[in-house]
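Residues per chain are reported as follows:
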Amino acid sequence: MGFSGWRVLREGLSGNRGWTPQWRDPEPKSEYDIVIIGGGGHGLSTAYYLAKEHGLTNVAVLEKGYLGGGNVGRNTTIVRANYFLPGNSEFYSHSLKLWEGLEEDLNYNVMHSQRGLINLFHSDGQRDAFARRGNAMINQGDDAILLDREGVRKHLPYLDFDNLRFPVYGGLLHPRGGTARHDAVAWGYARGADSRGVDLIQNCEVTGIDIENGRVTGVQTTRGPIRAKKVGMVVAGRSSQVAAMAGMRLPIESHVLQAFVTEGLKPVIDHVVSFGMGHFYISQSDKGGLVFGGDLDFYASYAARGNLPMVEHVMEAGMALMPMIGRARVLRSWGGIMDMTPDGSPIIDKTGIDGLYLNCGWCYGGFKAVPGSGFSFAHLIARDEHHAPAARYRLDRFRDGIGLMDEEGTGAQHNLH
Amino acid sequence: MRIAGKGLIDRDTPVHFRFDGVAHQGFAGDTLASALLAQGVRLMGRSFKYHRPRGVLTAGSEEPNALVTVGQGAHADPNVRATVQEIYDGLEAHPQNAWPSLRYDLLSLNDLAAPFLSAGFYYKTFMWPRAFWEKLYEPVIRRAAGLGALSGQPDPDAYEKAYAFCDLLVIGAGPAGLMAALTAAEAGADVILCDEDTRSGGRLLAEDEEVDGQPGHAWAQALTDRLRAMPNVRVMRRTTVTGVYDQGTYGALERVGQHLPHRASLPRACFWRIVAKRAVLASGAIERPVAFPNNDRPGIMTAGAVRAYLNRWGVAPGRRVVVFGNNDDAHRTARDLVAAGVHVAALVDSRHEAQASDAYPVHAGAVLCNTQGRLGLESVTIRTAKGEERIAADTLAMSGGWNPSLHLTCHMNGRPVWRDDIAAFVPKPDMVPGLIPAGACHGAFSTHACLEEGRAAALRALSELGMTAKDVPLAEAEDAPVSLRPLWQVLGKGRAWLDFQNDVTAKDVALAAQENFCSVEHMKRYTTQGMAPDQGKNSNVAALAVLADATGRSIPETGTTTFRPPYTPVAIAAMGAGAEGKGFAPERKTTSHAATVERGAPMIEAGLWYRPSYFPDPGESHWRQSCDREVRMVRESVGICDVSTLGKIDVQGPDAGRFLDLVYTNMMSTVKPGRVRYGLMLREDGHVMDDGTAARLSEGQYLITTTTAAAGQVMAHLDFVAQGLRPDLDVRLASVTEQWAQFAVAGPQSRALLDGLLDAPLDPEAWPFMACGPVKVMGIAARLFRISFSGEHAYEIAVPARYGDSLFRLLVARAEALGGGPYGMEALNVLRIEKGFITHAEIHGRTTAFDIGMDRMVSAKKDCIGKVMADRPGLKGPEREQLVGLRPVGESKEMTAGAHLFEPGTEPVRVNAQGYVTSVGFSPTLGTMLALGFLRNGRARHGERVKLKDHLRQVETLCEVCDPVFFDPDGGRLRG
Ligand SMILES: Cc1cc2nc3c(=O)[nH]c(=O)nc-3n(C[C@H](O)[C@H](O)[C@H](O)COP(=O)(O)OP(=O)(O)OC[C@H]3O[C@@H](n4cnc5c(N)ncnc54)[C@H](O)[C@@H]3O)c2cc1C
């Protein structure tokens, strides 16, 4: 069923009785050409592009809980293409272009809002680093503007310009950066994949990966065994555990990242603002809540919740940067499990096992990657060759050191990225 | 209307306040809601989406409707629950989310468009044309959404944070909590008793009920007084426990000044971190409304709220009340109302077996199926076996049963279980380690059961803590069984609200199910049910029931969503207290700070430190003038620079040398006492972590330096290596950065300067480049290092920090006498660029020793951290971008750090990028701009020309690639 303003009017007039399920709940078949493990953003977009770009529809997405219940539904929804290292530059640039056509493509309003992202800097050295980044963005064909202090003040007059512990020197404005409605992204892809014939199987946890003679043959699940010619692992925070089912040990550590939302407020923050000195980023949702977050809790964990030291630190950073948000009340805080790699950049690759593919390592930046990752991963699975924008996301780069993409420059300590 | 003689308010203390511009009077002890209801004000807010007129629904912190803004300007506090806000003289409250006024709200038009605004409608439209989203649709949606408004001004008030520790934290001071606190306190445990209310008693404050033969509230007060008098008990009023965290950590918010007229000296709130060995959760229960058509009009309240206003605040919420329920509380409400002289027009009980009464008409087996009244309830329609009937009423009290307030037990991701007998979720045992639920939050609803469970919970905690309990008798109290027949929704024409706050109706939930958003989490996210400020406290269970119904599942099969911290919303300012302005991070100042500021030097942040940018001379109007002069001064005479901010780590022990060999790429064990060696440290992954010097002060003692930026990181790293990797090495580490004030004395005149200052002149033979040793300045033991970051003959002299200020002044005076003076960061930077010395602009975490041309410093004779990984093929070779020098050779002389490098004639796009610029500066020595940067295979390309391109600042400059050491490449000046 197509969605449109007319349709909303027509259904509204007839009591909204005509809306049909946005996706089916099929019973799993005993065999598929391709099984995607993980019904998060990346798993769903992979399935969608397998069907749409490659005509492969004998595909199942197996999700242990409900679709979109993982990080895709827990993030702070920032969508940007402001990376500067080769590999990341072209990948996120491609992903952002997909975002820019996503509503039309999916016929689903994911509320992608290009409201502009401002990364603040607080010293000459940081300005130089951001200039390098901005120039790399323009080299890639994306957009960046270097703002001085007054330029920042024009956009964000509510920052503490007088007394901030780390004075604002300026900011890098990425006008095409912004946010999107995270759940809608998962649902839009789910609906698109389902309507093309992909089976989305919820409450179906993969408990084993079957391998015969170095080739994957299927998976074991809580809803029985499912045979498959190809299997894609796309389980974000659970990547190490699922890959272990295939005997692999990934260079991934899982860490907790918290996020926060306040009660609804009339519009006060129009951009996405990021404050590196405080590891703080914030935007305001269309519903009016201030959505913000900070750094990892730092200890490795699979518990999707965090603790007070980081909660307080994030609030402190917010108070330091923009003391006008003091009276906003935090309504809810939550945590997600981040699949952190040694260089902070992701992995989209084949594995040593034929027919088994790996997509993981999104750290806390994989929401914006949802379209690009699915697109490139589908390409890899369908054709057994890397898609150019994601060709550098090799798993063996950590072994040979070729093409490491350490944007933060913090090295192989997972929780520092 | 007030009812004479009833309530716990102080009628001798009238309080004057304003709401919506109108002056009102209430009494001490009133909340804004009770005082307004007493004045007959029912309309207090507008709903989120449809802008429906709303009045109070509850009498507690879970209130979804009566949200107001208190105060004005920067003091304006949006989204305040009128049911929690105590009134004080001068309080000003304003309605919110209504325009032009609360009575006539333009956006209530949305209500007419409701058929088109069903759950999730926005996912299906507003997609065309694409550019309209940011330009039209989103701005309109944003403006319509939101509740109250922030002022946009910095929060001017004070907030605090505090910490507390106890054996037992009791959360909630109703009968269960009071009993738990008493039992534990009598046993000698350290007890903290928190309640969000202004006084203890919990439901006892709202009920007309006796405990131990006294009114319940009096019993609670007496017990609280007794507890308060005990030295091991701390009673915290107005304190909400907001979150549960690992290891018995609880977050709590105390309202300190929010209920009082503004006083600058008083913090508004205090955020507590409480660490408790055990905790008893005695948080009670929240009554649930019933979803029937138009159940949201002002005048419709929970029955428990009606009793609370009546019994606690002496307020009759209306003149004609209809009571509707599925349980015995409906009858209790009617009885209380009649006893207070309020007319009960009807009691509508959905149970067929409902008891008749002679005090009011009872309709058994009947339900409410509609209501009327635009800005307030005027009548209700009931459906009985005989058909529908309209009854005039200005107030409706409804009770759908009670939901245990188990939210805190879910904060560590535990899931509660369903109990059919009470039709409610209750906590499973041990959902939070050490937290024991008791009383109504645990599904025990009678006062007697609460007292009993409170005592039992404390006994369990005491025994787990190994403490001996005393015999604490139980008070006499009612023990009525729960009698309830679940009733979640009444079908009928019109919308039935579940989530009042977010305007989610039963139809929305059914629509979600129809579109296969059948998982409870999907339903929540699709409809926004439970995502409003009350986090679904009033509505989640009913919404689940409606979903269960729509999907043909039972409630336990449908499952719950997760409650997350905080229990009630907490101001960012409270959790972030103290961080505004400079409070965000420590400020580190060197010992020369005062003298530097006296000289008018602008200070800049260097990590947490402040350092001088430059020292302006009279007549200099631009920083470059000062910088150029300072550079020349160092090159020609002598300059003084405070370098105390560099990390200094004292490394001692018989294995100090071996230890340093492991952490540095080069050999440190062979450094002779009295000598210094420059060293490079790698991270485990083979990239450069930091550089610095290691001075061997004696056989078993080194003093190593780090960069200012990496001081903390290096210290942590060394500690990790010493404790985690090589505990077998006998070595001790201490950071002495702040113990020593250290100054660079740099320039051809540096020895001359020192000679007159030190107690004995320097013997040139004994003090070659890279020597170190003890010296004395005016009798004070000092350390001298002959090292240089400027390329000049230079020393660094260190004294205990307490002498730093005077030494700096002395050094500067002597330098000035020799034609020199102090220099700042700008000059320091130019000096080091001229010499090709690196900083963290170059060792930015992605460069290797190979990249910076220092692979020879990785000793082949030994292992070191990072060596194996640095040998990976990708970390060396011609493909790597290598450190080079750059100087402008074309028309444009401009150079900017952050620019990228291209071959001349190629397009400046990613695939052509060859490298980038890391540092630039104008060299007064060489009379040109200079830059350091990284260029692919750069060392092999000296002499080539490259294009420097900075799109952001529109700079394009042709440069020549050269050796990064621009000045004095042989180092003659340094050694001489
Ligand atoms: C607090 C927070 C803030 C963030 N902010 C941003 C941001 O602002 N911008 C941004 O770009 N990114 C952000 N991210 C990161 C982003 O959300 C993630 O990188 C991205 O969502 C991960 O990919 P995914 O959507 O496929 O993961 P998920 O949604 O986690 O999907 C993985 C799925 O796999 C399922 N699964 C796991 N194990 C199994 C199994 N054995 N069998 C079957 N299924 C299984 C899980 O249930 C889950 O649904 C943030 C993340 C968090 C937690």
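Whatever comes next refers back to the structure up there.
Now for a look at the structure at hand. Predicted model only: the values in this text are computed from it and were never measured.

The subject of this paragraph is the overall build of chain A. If you tally the helices and strands in chain A, you get 11 helices and 18 strands. Relative to its length of 417 residues, chain A is compact, with a C-alpha radius of gyration of 21 Å against a globular reference of 22 Å. Overall, chain A is about 65 × 65 × 40 Å in size when its C-alpha atoms are taken along their principal axes. Here chain A holds 417 residues, and the buried ones make up 69% of them. For chain A, the proportion of contacts with a sequence separation of at least 24, taken over those separated by at least 6, is 75%. For chain A, the exposed surface amounts to about 12700 Å²; the carbon and sulfur share of it is 51%. Positive and negative charge centroids in chain A, built from 42 and 45 side chains respectively, lie 4 Å apart.

A few words on the overall build of chain B. A count of helices and strands for chain B gives 22 helices and 50 strands. When its C-alpha atoms are laid out on the principal axes, chain B stretches across 115 × 70 × 55 Å. Considering chain B as a whole, with its 976 residues, one finds that 63% of them fall into the buried category. When contacts within chain B are restricted to residue pairs at least 6 apart in sequence, long-range pairs at least 24 apart make up 67% of them. Of the roughly 35300 Å² that chain B leaves accessible, carbon and sulfur atoms contribute 53%. Distance between charge centroids for chain B: 3 Å, based on 105 positive and 111 negative side chains.

What follows concerns the packing of aromatic side chains. Aromatic rings in a pair are described by how distant their centres are and how their planes are angled relative to each other. Per the stated rule, a full pass over the model turns up 38 aromatic pairs over all chains. When the ring of Tyr83(A) is compared with that of Tyr92(A), the centres are 4.0 Å apart and the planes differ by 10 degrees; the resulting orientation is stacked. Take Tyr83(A): its relative accessible area is 12%, and that puts it in the buried class. The ring of Phe3(A) carries Lys124(B) above its face, with NZ or CZ at 5.5 Å from the centroid. When the ring centre of Trp19(A) is taken as reference, the NZ or CZ atom of Lys124(B) above it lies at 3.5 Å.

For residues that are not glycine, phi is negative in most cases, and the peptide bond is trans in most cases. Trp128(B) connects to Pro129(B) through a cis peptide bond whose omega is -15 degrees. Within the element layout of this structure, Pro129(B) appears in the loop between helix H2 (109–112) and helix H3 (132–144). Following Pro565(B), the chain continues to Pro566(B) via a peptide bond in cis, the omega torsion being -5 degrees. Relative to the assigned elements, Pro566(B) resides in the loop between helix H12 (555–558) and strand E31 (570–571). Positioned with a positive phi, Asn213(A) is a non-glycine residue whose angle comes to about 50 degrees. With relative accessibility at 82%, the residue Asn213(A) sits in the exposed group. Its identity is not glycine, yet Thr528(B) carries a phi of approximately 70 degrees, on the positive side. What makes Thr528(B) buried here is its relative accessible area of 10%.

Right, let's talk about the site of the ligand for a bit. All names here are of chain A. Around the ligand, a shell composed of 36 residues is seen, among which Glu 63, Asn 71, Thr 76, Tyr 364 and Lys 368 lie nearest. Here an oxygen atom of the ligand and a backbone polar atom of His 42 are 3.0 Å apart. In the model, a nitrogen atom of the ligand is placed 3.0 Å from a nitrogen or oxygen of the Tyr 364 main chain. Across the complex, the protein chains shield 96% of the 1000 Å² of accessible surface that the ligand would expose by itself.

A few words on the pairing of strand E34 (residues 639–642) of chain B. Residues and elements named next belong to chain B. Here E34 shows two buried faces, one formed by Gly 639 and Cys 641 and the other by Ile 640 and Asp 642. As defined by bridge partners, E34 adjoins strand E44 (residues 821–822) across 2 bridges and the pair is classed as parallel. Looking at E44, one finds that Ile 640 is bridged to Pro 822.

The next thing to look at is the interface of chain B and chain A. With 123 residues of chain B at the contact, the number on the chain A side is 125 residues. Between chain B and chain A, roughly 10000 Å² of surface is buried when both sides are summed, and carbon and sulfur atoms account for 54% of that area. Ranking the residues of chain B by area buried against chain A places Arg142(B), Ile572(B) and Phe584(B) at the top, with a combined share of 9%. One salt bridge connects Asp183(A) with Arg525(B), and the closest N-O pair in it is separated by 2.7 Å. Here chain B is connected to chain A by 78 residue pairs in polar contact (both at pLDDT 80 or more). Considering each element in turn, the side of chain B that touches chain A owes the most residues, 7 residues, to H3(B).

Before going further, it helps to spend a moment on the sheet that holds strand E46 (residues 900–902) of chain B. Residues and elements named next belong to chain B. Here 6 strands make up a closed barrel; going around it, the order is E45-E48-E47-E46-E49-E50 and the pairing antiparallel. Pairs of neighbouring strands in the sheet enclose a mean axial angle of 45 degrees, with direction left out of account. Pairing analysis gives 3 bridges linking E46 to strand E49 (residues 945–950), with the strands arranged antiparallel. Residue pairing across strands places Leu 901 opposite Leu 948, the latter belonging to E49. The strands that helix H20 (residues 825–835) touches are strand E47 (915–923) and strand E48 (928–936); relative to E47, the one it contacts most, it runs at about 115 degrees.

What follows is about the environment of Cys363(A). All names here are of chain A. Mapped onto the fold, Cys 363 is located in the loop between strand E18 (356–360) and helix H10 (370–383). On the accessibility criterion, Cys 363 (7% relative accessible area) is buried. Residues Cys 363 and Leu 98, 265 residues apart in the sequence, show an inter-C-alpha distance of 21 Å. When near neighbours in sequence (up to four residues on either side) are disregarded, Cys 363 contacts Met 338, Asp 339, Met 340, Thr 341 and Gly 344.

How each quantity is defined
- Residues numbered from 1 in each chain as written.
- Chains lettered and ligands numbered in written order.
- Predicted model: local features only at pLDDT ≥ 70, side-chain atom pairs only at ≥ 80, totals over all residues.
- Heavy atoms only, no water.
- Helix = DSSP H or I, 4+ residues; strand = E, 2+ residues; numbered from the N terminus.
- Rg over C-alpha atoms; globule rule 2.2 N^0.38 Å.
- Buried < 20%, exposed > 50% of the residue type's maximum accessible area, 1.4 Å probe, protein only.
- Contact = heavy atoms within 4.5 Å.
- Areas by Shrake-Rupley, 256 points an atom, 1.4 Å probe, with all protein chains shown as cover.
- Lys, Arg positive; Asp, Glu negative; His and termini not counted.
- Charge placed at Lys NZ, Arg CZ, Asp CG, Glu CD.
- Phe/Tyr/Trp six-rings, centres within 6.5 Å; stacked < 30°, edge-to-face > 60°.
- Lys NZ or Arg CZ within 6 Å of the ring centre and 35° of its normal.
- Near = heavy atom within 4 Å.
- Polar contact = N/O pair within 3.5 Å; in protein donor to acceptor, adjacent residues only side chain to side chain.
- Pairing = 2+ DSSP bridges.
- Buried area = accessible area lost by both parts, 1.4 Å probe.
- Salt bridge = Lys/Arg side-chain N within 4 Å of Asp/Glu carboxyl O.
- Axes fitted to C-alpha atoms, helices over the stretch in contact; angles between N-to-C directions.

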